[in-house]
Amino acid sequence: MDNGRRPVTIITGASRGIGAAAALHLARCGHDVVVNYRADAEAAEQVAELAAAEGARAVCVQADVTSEDDVDRLFAATQEQVGPVTGLVNNAGVTAHIADLADTPVDVVRQVVEVNLVGAIICARRAAQVLSTRRGGTGGAVVNVSSAAATLGSPHEYVHYAAAKAGVDALTVGLAKELAGDGIRVNAVAPGLVRTGIHAAAGAADRVDRVAARIPLRRAGEPHEIAPAIAWLLSEEASYVTGATLRVAGGM
Ligand code: NAP
């Protein structure tokens, strides 16, 4: 993949939070970036402007990761507007609702599994088709954004989300093996509690401060503390790393 060109990396769900921090950090590391978002075009534009100020080519592309057509359009727009894709950060995610499973509506369960797991699989599938050296691509790397929830289970909060993220970990292991001969590395980052809007969007704006005391490092992480792990896994420095999940969770 190292042909002297700038890497071209798609970051899903990059209009805010960890995805936005990853886009900015990758821009600083020399990537051209595609800032994907679902609904908030204005926020995505601001992230792209900041990335461009770091010297990157940066474009915004609206796409719902749960839609195969949207994901195809996201990859096609990247190719047309920026160049051949070399990396994917599978970051888009939602928690949506905080409660015991017995009190969680099935449509919320479906939405959470659909965005966090099915969306990640659809994007990873497209990346495999586009990047594979056996299929004419340049090779590259995928980083899936999992969660410490995948191993903690998240009782009384969102076990269905934890189950979806455990699926993301299995996707990482299996796809890493499947694509090792295609010039594609597949890894994951598993953040713990991170201060983003995801908690308020699930109706629990106070969750960060409530849970922080249970974390060995005694505080929530910040999005900019997750981004370098993502960038490292995408980089040539991680050339012998595939199938790994790097936990960035303050000891949780
Ligand atoms: P966030 O601040 O709520 O941002 C979520 C992003 O995902 C937004 O850009 C949103 O776009 C986008 N998105 C949501 N549904 C989408 C869809 N169907 N298609 C495309 N984009 C979609 O969340 P975050 O905390 O940064 O979370 C990022 C990732 O880290 C998620 O996978 C999450 O599960 C994981 N994570 C977070 C934490 C944490 O404590 N924050 C901990 C562990 C893991 P719009 O704004 O346009 O809707």
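In the block above lies the structure referred to throughout.
Calculation criteria
- Residues numbered from 1 in each chain as written.
- Predicted model: local features only at pLDDT ≥ 70, side-chain atom pairs only at ≥ 80, totals over all residues.
- Heavy atoms only, no water.
- Helix = DSSP H or I, 4+ residues; strand = E, 2+ residues; numbered from the N terminus.
- Rg over C-alpha atoms; globule rule 2.2 N^0.38 Å.
- Contact = heavy atoms within 4.5 Å.
- Areas by Shrake-Rupley, 256 points an atom, 1.4 Å probe, with all protein chains shown as cover.
- Lys, Arg positive; Asp, Glu negative; His and termini not counted.
- Charge placed at Lys NZ, Arg CZ, Asp CG, Glu CD.
- Salt bridge = Lys/Arg side-chain N within 4 Å of Asp/Glu carboxyl O.
- Pairing = 2+ DSSP bridges.
- Right-handed = clockwise from strand over helix to strand, strands pointing away.
- Core = buried A, V, L, I, M, F, W, Y, C linked by side-chain atoms within 4.5 Å.
- Buried < 20%, exposed > 50% of the residue type's maximum accessible area, 1.4 Å probe, protein only.
- Disulfide = S-S within 2.5 Å.
- Near = heavy atom within 4 Å.
- Polar contact = N/O pair within 3.5 Å; in protein donor to acceptor, adjacent residues only side chain to side chain.

## Regarding the overall build of the protein chain
Logical step 1: The helix and strand inventory of the protein chain stands at nine helices and seven strands.
Logical step 2: Relative to a compact globule of 252 residues, whose C-alpha radius of gyration would be 18 Å, the protein chain shows 17 Å and is just as compact.
Logical step 3: Taking the principal axes of its C-alpha atoms as reference, the protein chain extends roughly 50 × 35 × 35 Å.
Logical step 4: Across the protein chain, contacts joining residues at least 24 apart in sequence account for 72% of those joining residues at least 6 apart.
Logical step 5: By element, 52% of the accessible surface of the protein chain is carried by carbon and sulfur atoms, the whole surface being about 11,100 Å².
Logical step 6: Averaging the locations of the 22 positively and 27 negatively charged side chains of the protein chain gives two centres separated by 5 Å.

## Concerning the pattern of salt bridges
Logical step 1: Taken as a whole and judged by the stated rule, the model has 12 salt bridges.
Logical step 2: When the shortest N-O distance is used, the salt bridge between R126 and D72 registers 3.1 Å. Of this pair, R126 sits in helix 4 (residues 106-131) while D72 is found in helix 3 (residues 68-81), placing the two residues 54 residues apart along the sequence.

## Looking at the pairing of strand 3 (residues 58-62)
Logical step 1: Across five bridges, strand 2 (residues 32-37) lies against strand 3 in parallel orientation. The residue of strand 3 that forms the bridge with N36 is V61.
Logical step 2: One crossover worth recording links strand 2 to the parallel strand 3 by way of helix 2 (residues 41-53), and it is right-handed.

## Topic: the nonpolar core
Logical step 1: Counting 33 residues, the largest nonpolar core has I10, V34, L74, F75, L88, V142 and V186 as its most contacted members.
Logical step 2: Listed by contribution, the elements that provide at least two residues to this core are strand 1 (8-11), strand 3, helix 3, helix 4, helix 6 (159-179) and strand 6 (184-191).
Logical step 3: Sorting elements by how many residues they give to this core places helix 4 first, with nine residues.
Logical step 4: Residue contacts for I10: discarding those within four places in its chain leaves V34, L74, F75, T78, V85, G87, L88 and V89.
Logical step 5: Of all hydrophobic cores here, the second largest spans 30 residues; its members include A27, V35, V143 and I230.

## Digging into the state of the cysteines
By definition, a disulfide is the covalent link that joins the sulfur atoms of two cysteine residues.
Logical step 1: Using the criterion set out here, one finds zero disulfides in the structure.
Logical step 2: C60 forms no disulfide, and the closest cysteine sulfur to it belongs to C123, at a distance of 16 Å.

## Comments concerning the site of the ligand
Logical step 1: Residues in contact with the ligand amount to 33 residues; listed here are only the nearest, S15, R16, A39, Y161 and T196.
Logical step 2: The side chain of R16 places a nitrogen or oxygen atom 2.3 Å from an oxygen atom of the ligand.
Logical step 3: Here Y161 contributes a side-chain N or O atom positioned 2.5 Å from an oxygen atom of the ligand.
Logical step 4: Coverage of the ligand by the protein amounts to 97% of the 900 Å² it exposes when considered alone.
Logical step 5: Of all the elements in the fold, those that place two or more residues in the shell around the ligand are helix 1 (17-28), strand 2, helix 4, helix 6 and helix 7 (198-201).

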